[in-house]
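Listed below, chain by chain, are the residues.
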Amino acid sequence: MTDVFTGVRLLGPPETDGEYIALSEHETVHLHEYTRIYAVPGLYEHVVQDRLRCRSPQVAAAGFLRAASLLGLEPGSLTVLDVGAGTGLVGELVRDGGVGQVVGVDALSAAREASLRDRPGVYADYVVGDFLRPDTLREALHPYSPGGLVSAGAFGGTHATPPALENALALLPPDAPVAFTIDERWMDESDPDGFGAAVERLVAAGRLAVLERTRFQHRVTTTGEPIFYQLVVGRTE
Ligand SMILES: C[S@@+](CC[C@H](N)C(=O)[O-])C[C@H]1O[C@@H](n2cnc3c(N)ncnc32)[C@H](O)[C@@H]1O
């Protein structure tokens with residue numbers, strides 16, 4: 001698969017005004033143009049996992065399994081929500097770790113199509129929906145009664161906002177294991193609109209207990225600078 005992508009080039013400042021992927025001399029796509037990237041089998045994994053060395057899926061999946069173990073839960077008994085599931089990397093990792101059932105949710109139908117195409121059988125179901133509009137999602141997820149949540153790289157920036165995190169956690173019962181990764185820039189508690197403040201609010205409201213908060217290198221940029229994220233591992237209350 002990798003040979004197919006030998007011509008792919010990564011572009012970044014000052015050459016371009018953001019992070020781009022040159023697929024050929026004539027076709028350039030922004031790193032966050034997921035609909036176009038997911039349409040090409042293996043392209044997301046080649047660029048984000050292999051070239052940009054993204055480790056959020058592995059870190060989030062391992063964090064989730066640790067949370068389940070700390071809470072004395074048997075992973076095989078759990079149905080877990082994968083928030084912003086993309087092509088299914090996280091779902092595959094937690095299934096490999098013994099989780100019984102995973103339900104993927106992503107705002108893009110291209111993500112669902114890519115996951116069913118490239119990782120068939122990983123998800124019990126894959127729902128296209130936005131956590132900013134939880135009513136439709138609540139209905140679609142009701143038959144699965146999710147008892148845990150895992151999410152890698154789906155919160156912050158151009159992705160899901162703090163209210164989406166709060167809505168996602170509200171779909172879980174108390175004592176459910178959770179693990180999610182967020183860019184450390186958005187974890188600054190002094191920003192009232194950031195994730196740091198949202199996590200503090202959830203803790204103060206007795207909705208979340210934080211078991212672990214760890215800094216790790218999420219990936220490098222297209223020009224090679226490290227990007228650091230935090231892993232938050234916890235339990236709903
Ligand atoms: C960087 S990708 C990560 C995909 C996957 N978790 C992984 O680690 O490979 C972020 C994904 O989150 C999805 N997303 C962003 N905002 C969302 C929202 N409000 N609700 C559901 N999905 C969302 C995007 O469509 C995208 O597929």
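Rules of the game
- Residues numbered from 1 in each chain as written.
- Predicted model: local features only at pLDDT ≥ 70, side-chain atom pairs only at ≥ 80, totals over all residues.
- Heavy atoms only, no water.
- Phe/Tyr/Trp six-rings, centres within 6.5 Å; stacked < 30°, edge-to-face > 60°.
- Lys NZ or Arg CZ within 6 Å of the ring centre and 35° of its normal.
- Pairing = 2+ DSSP bridges.
- Helix = DSSP H or I, 4+ residues; strand = E, 2+ residues; numbered from the N terminus.
- Buried < 20%, exposed > 50% of the residue type's maximum accessible area, 1.4 Å probe, protein only.
- Right-handed = clockwise from strand over helix to strand, strands pointing away.
- Axes fitted to C-alpha atoms, helices over the stretch in contact; angles between N-to-C directions.
- Contact = heavy atoms within 4.5 Å.
- Arc of directions from axis to C-beta.
- Domains from an automatic or database assignment.
- Buried area = accessible area lost by both parts, 1.4 Å probe.
- Salt bridge = Lys/Arg side-chain N within 4 Å of Asp/Glu carboxyl O.
- Near = heavy atom within 4 Å.
- Polar contact = N/O pair within 3.5 Å; in protein donor to acceptor, adjacent residues only side chain to side chain.
- Areas by Shrake-Rupley, 256 points an atom, 1.4 Å probe, with all protein chains shown as cover.
- 1 Å grid on protein atoms, 1.4 Å probe; cavity = no way out; pocket = protein on both sides within 12 Å on 5 of 7 lines; lining within 4 Å.
- Sits in = over half its atoms within 2 Å of the grid points.

**A short note on the packing of aromatic side chains**
Here is step 1: Throughout the structure, instances matching the rule amount to 7 aromatic pairs.
Here is step 2: Put simply, the rings of Tyr34, Tyr38 and Tyr44 pair up and form one aromatic cluster.
Here is step 3: One Lys or Arg, Arg185, reaches over the ring of Trp186 and ends 5.3 Å from the middle of that ring.
Here is step 4: The aromatic ring of Phe228 is capped on one face by Arg215, whose charged end is 3.9 Å from the ring centroid.

**Concerning the pairing of strand E9 (residues 208-220)**
Here is step 1: For E9 and strand E10 (residues 226-236), the ladder comprises 11 bridges, and the chain directions are antiparallel. What sits directly across from Val220, in E10, is Pro226.

**Quick notes on the pairing of strand E5 (residues 101-106)**
Here is step 1: Extensive coverage of E5 is indicated by the burial of 5 of its 6 residues.
Here is step 2: For strand E4 (residues 79-83) and E5, the ladder comprises 5 bridges, and the chain directions are parallel. For Asp82, the partnering residue across the bridge sits in E5 and is Gly104.
Here is step 3: Read from E4 through helix H4 (residues 89-96) to E5, the crossover connection turns out right-handed.
Here is step 4: Of the pairings in the sheet, the one linking E5 to strand E6 (residues 125-128) comprises 4 bridges and is parallel in character.

**Some details on the sheet that holds strand E8 (residues 177-183)**
Here is step 1: Strands sit in the order E6-E5-E4-E7-E8-E10-E9 across an open sheet of 7 strands; the sheet is mixed. The open sheet has two edge strands with one neighbour each: E6 and E9. Along the sheet, successive strands turn relative to each other by an average axial angle of 15 degrees, direction set aside.
Here is step 2: Of the strands in this sheet, E5 and E6 are in contact with helix H5 (residues 109-118), which crosses E6 at around 160 degrees.
Here is step 3: Lying on the sheet, helix H7 (residues 162-169) is in contact with E4, strand E7 (148-155), E8 and E10; it crosses E7 at an angle near 165 degrees.

**Thoughts on H5**
Here is step 1: Here H5 has its buried residues at Ala110, Ala111, Ala114 and Ser115. Around the axis of H5, the buried residues are gathered within 130 degrees of arc, so they sit on the same side.
Here is step 2: As for H5, its buried residues are in contact with helix H1 (34-38), E5 and E6.

**Details of the domain arrangement of the protein**
Here is step 1: With domains assigned, the protein is organised as domain 1 (2-51) and domain 2 (56-236).
Here is step 2: Between the C-alpha centres of domain 1 and domain 2 there is a distance of 25 Å.
Here is step 3: With 19 residues of domain 1 in contact, the opposing surface of domain 2 contributes 19 residues.
Here is step 4: Around 1,400 Å² of area is buried between domain 1 and domain 2 when both sides are counted, 55% of it from carbon and sulfur atoms.
Here is step 5: Where domain 1 packs against domain 2, one counts 2 salt bridges.
Here is step 6: The partner of Glu45 in a salt bridge is Arg119, and the shortest N-O contact between them spans 2.9 Å.

**A look at unusual backbone geometry**
Here is step 1: With an omega of 5 degrees, the peptide bond running from Pro13 to Pro14 counts as cis.
Here is step 2: Its location among the elements puts Pro14 in the loop between strand E1 (9-11) and strand E2 (20-22).
Here is step 3: Here Ser145, not a glycine, exhibits a phi torsion of approximately 40 degrees, which is positive.
Here is step 4: Here Ser145 shows up in the loop between helix H6 (134-141) and E7.
Here is step 5: By relative accessible area, Ser145 is classed as exposed at 55%.
Here is step 6: Phi at Asp175 takes a positive value of approximately 65 degrees, unusual for a residue other than glycine.
Here is step 7: Topologically, Asp175 is positioned in the loop between H7 and E8.

**Some words on the site of the ligand**
Here is step 1: If you check the shell around the ligand, you find 19 residues, and the closest are Tyr38, Gly84, Asp106, Asp130 and Ala152.
Here is step 2: The separation between a nitrogen atom of the ligand and a polar main-chain atom of Phe131 is 3.4 Å.
Here is step 3: The contact in question runs from a nitrogen atom of the ligand to an N or O atom on the backbone of Ala160, over 3.2 Å.
Here is step 4: Considering the ligand on its own, with 590 Å² of exposed area, one finds that the protein chains cover 93% of that surface.
Here is step 5: Among the cavities detected, the one that contains the ligand is the largest pocket.
Here is step 6: Those elements that place two or more of their residues in the shell around the ligand are H1 and E7.

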